[in-house]
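Residue-level listing of the chains:
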Amino acid sequence: EKTTFRLSDANYYSREAIEQYMSVTVFKRFLACEAEALAELKGIWVPERDLTALLAGNYLHSYFESPEAHQSFIDAHPEMFSTRGSTKGQLKTPYKVAESMIQALKDDPSFQAAYQGNKEEILTGEINGVKWMGRLDCFDPARAFFLDLKTTQDLHKKYWITNEKRWGSFVEAYNYPLQMAIYQELIRQNYGTRPAPILVAVSKQDPPDKAFVAIPQDNLDEAMQQLLDAQPRIEQVIAGETNPHRCEQCDYCRATKHLGQIISMNELIE
């Protein structure tokens, strides 16, 4: 029965899809904390996530996918809209930023010219024997680039990159080079080309900032190497062949922690 499963828009985020294919989201969770990622994968831990940013981002994505996709997203998420008073039918305050981000892009001639091609196309492939899936925001096989919409607080905000002990951009903080390297590889396997990723970054400021952001090929190659280095162990953890590392700082680790050895005050901020 494993062979009959076909990925589609309807089941892309399903449990079955996640069991059959590795995705960027799941992989990044394993890089952050193997114990939490595994518990979530097994369905024994449901993390508390604030869905506001996700819903606002998906509202924006669906708008540029198609009018039908946008309407069906709206129909599926009535919780985003006010139901009474003078604001009835309007987006609730936390989601209004999505509307202003749409306005910032939709009338921009450069965006309109670039954002052409297949929208939300699902691609699958194999990377070192592991089945992967990805979903491209916008890709025209005849072009030398593909586009990915990203929303962020501020394009120029600095984030502390913990494992490298340095400051970096939102692109590095959310490991978008890894996501784009995977998409580029899936495109190569399906189309035989290696287009360059361009992020269409829009900020949540008022008014929003926006930029086309390129990720140099060196960074993509480095990210792909990170994947190849980390993947065998992650696969072993998923298969139950080795115990997951605990980060001891995420929600799951805090919730399941037992006091162990004493640590020095100097270790607290390492």
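Scroll up for the structure.
The structure reproduced in this document is the subject of the present report. (Residues numbered from 1 in each chain as written. Predicted model: local features only at pLDDT ≥ 70, side-chain atom pairs only at ≥ 80, totals over all residues. Heavy atoms only, no water.)

Examining the overall build of the protein
And then number 1: The number of helices and strands found in the protein is 11 helices and seven strands.
And then number 2: Its C-alpha atoms give the protein a radius of gyration of 20 Å, within 12% of the compact-globule value 18 Å for 270 residues.
And then number 3: Here the C-alpha coordinates of the protein stretch approximately 55 × 50 × 40 Å along the principal axes.
And then number 4: A total of 270 residues make up the protein; the buried ones form 41% of that total.
And then number 5: Restricting to contacts in the protein with at least 6 residues of sequence separation, those with at least 24 account for 60%.
And then number 6: Summed over all atoms, the accessible surface of the protein reaches about 15,900 Å², with 51% contributed by carbon and sulfur.
And then number 7: Averaging the positions of the 29 positive and the 38 negative side-chain charges in the protein gives two centres separated by 4 Å. (Helix = DSSP H or I, 4+ residues; strand = E, 2+ residues; numbered from the N terminus. Rg over C-alpha atoms; globule rule 2.2 N^0.38 Å. Buried < 20%, exposed > 50% of the residue type's maximum accessible area, 1.4 Å probe, protein only. Contact = heavy atoms within 4.5 Å. Areas by Shrake-Rupley, 256 points an atom, 1.4 Å probe, with all protein chains shown as cover. Lys, Arg positive; Asp, Glu negative; His and termini not counted. Charge placed at Lys NZ, Arg CZ, Asp CG, Glu CD.)

Here we look at the pattern of salt bridges
Think of it this way: side chains of opposite charge can pair up when their charged atoms draw near.
And then number 1: Applying the stated criterion across every chain, the model contains 15 salt bridges.
And then number 2: Of the charged contacts in the structure, one is a salt bridge between Arg135 and Asp9, with a shortest N-O distance of 3.0 Å. Of the two residues, Arg135 is situated in strand E2 (residues 130–139) and Asp9 in the segment before helix H1 (15–20); the sequence distance between them amounts to 126 residues.
And then number 3: Of the residues examined, Asp9 reaches a relative accessible area of 48% and is grouped as partly exposed.
And then number 4: When the shortest N-O distance is used, the salt bridge between Arg15 and Glu19 registers 3.7 Å. A residue pair is termed a helical-turn pair when its members lie 3 or 4 positions apart in one helix, as Arg15 and Glu19 do in helix H1 at four residues.
And then number 5: Arg15 gets classed as partly exposed once you look at its relative accessible area, which sits at 45%.
And then number 6: Linked through salt bridges whose partners overlap, the residues forming this network are Asp9, Glu120 and Arg135. (Salt bridge = Lys/Arg side-chain N within 4 Å of Asp/Glu carboxyl O.)

Some words on the environment of Ser8
And then number 1: Looking at the element boundaries, Ser8 is found in the segment before H1.
And then number 2: In sequence terms Ser8 and Ala56 are 48 residues apart; their C-alpha atoms lie 23 Å from each other.

Let's talk about the packing of helix H3 (residues 34–41) against helix H10 (residues 217–239)
And then number 1: Viewed as axis vectors pointing N to C, H3 and H10 meet at an angle of 45°, and their least axial separation amounts to 10 Å. By the angle between their axes, H3 is oblique relative to H10. Between H3 and H10 lies a crossing of right-handed hand. Touching Glu34, Leu38 and Leu41 of H3 are Arg233, Val237 and Ile238, all from H10.
And then number 2: In terms of residue class, the contact of H3 with H10 is built from four nonpolar, no polar and two charged. (Axes fitted to C-alpha atoms, helices over the stretch in contact; angles between N-to-C directions. Parallel < 35°, antiparallel > 145°, perpendicular 65-115°, else oblique. Left-handed = near helix turned anticlockwise from the far one by under 90°. Nonpolar A, V, L, I, M, F, W, Y, C, P; charged D, E, K, R; others polar.)

Considerations on helix H9 (residues 176–191)
And then number 1: Between its first and last C-alpha atoms H9 spans 22 Å; for 16 residues at 1.5 Å apiece the expected length is 22 Å, and the two agree.
And then number 2: Within H9, 12 of the 16 residues are buried, which leaves it mostly tucked inside the rest of the structure.
And then number 3: Listed in full, the buried residues belonging to H9 are Tyr176, Pro177, Leu178, Gln179, Met180, Ala181, Ile182, Tyr183, Gln184, Glu185, Leu186 and Ile187.
And then number 4: At the C-terminal side of H9, Gly192 shows a positive phi close to 75°. (Expected span 1.5 Å × (residues − 1).)

Some remarks on the nonpolar core
And then number 1: Counting residues in hydrophobic clusters, the biggest one holds 36 residues, and the most contacted among them are Phe27, Trp132, Ile182 and Leu227.
And then number 2: The element that contributes the greatest number of residues to this core is H9, accounting for eight residues.
And then number 3: Core analysis: the next-biggest nonpolar cluster, separate from the first, contains 24 residues, Phe81, Ala98, Ile102 and Cys138 among them. (Core = buried A, V, L, I, M, F, W, Y, C linked by side-chain atoms within 4.5 Å.)

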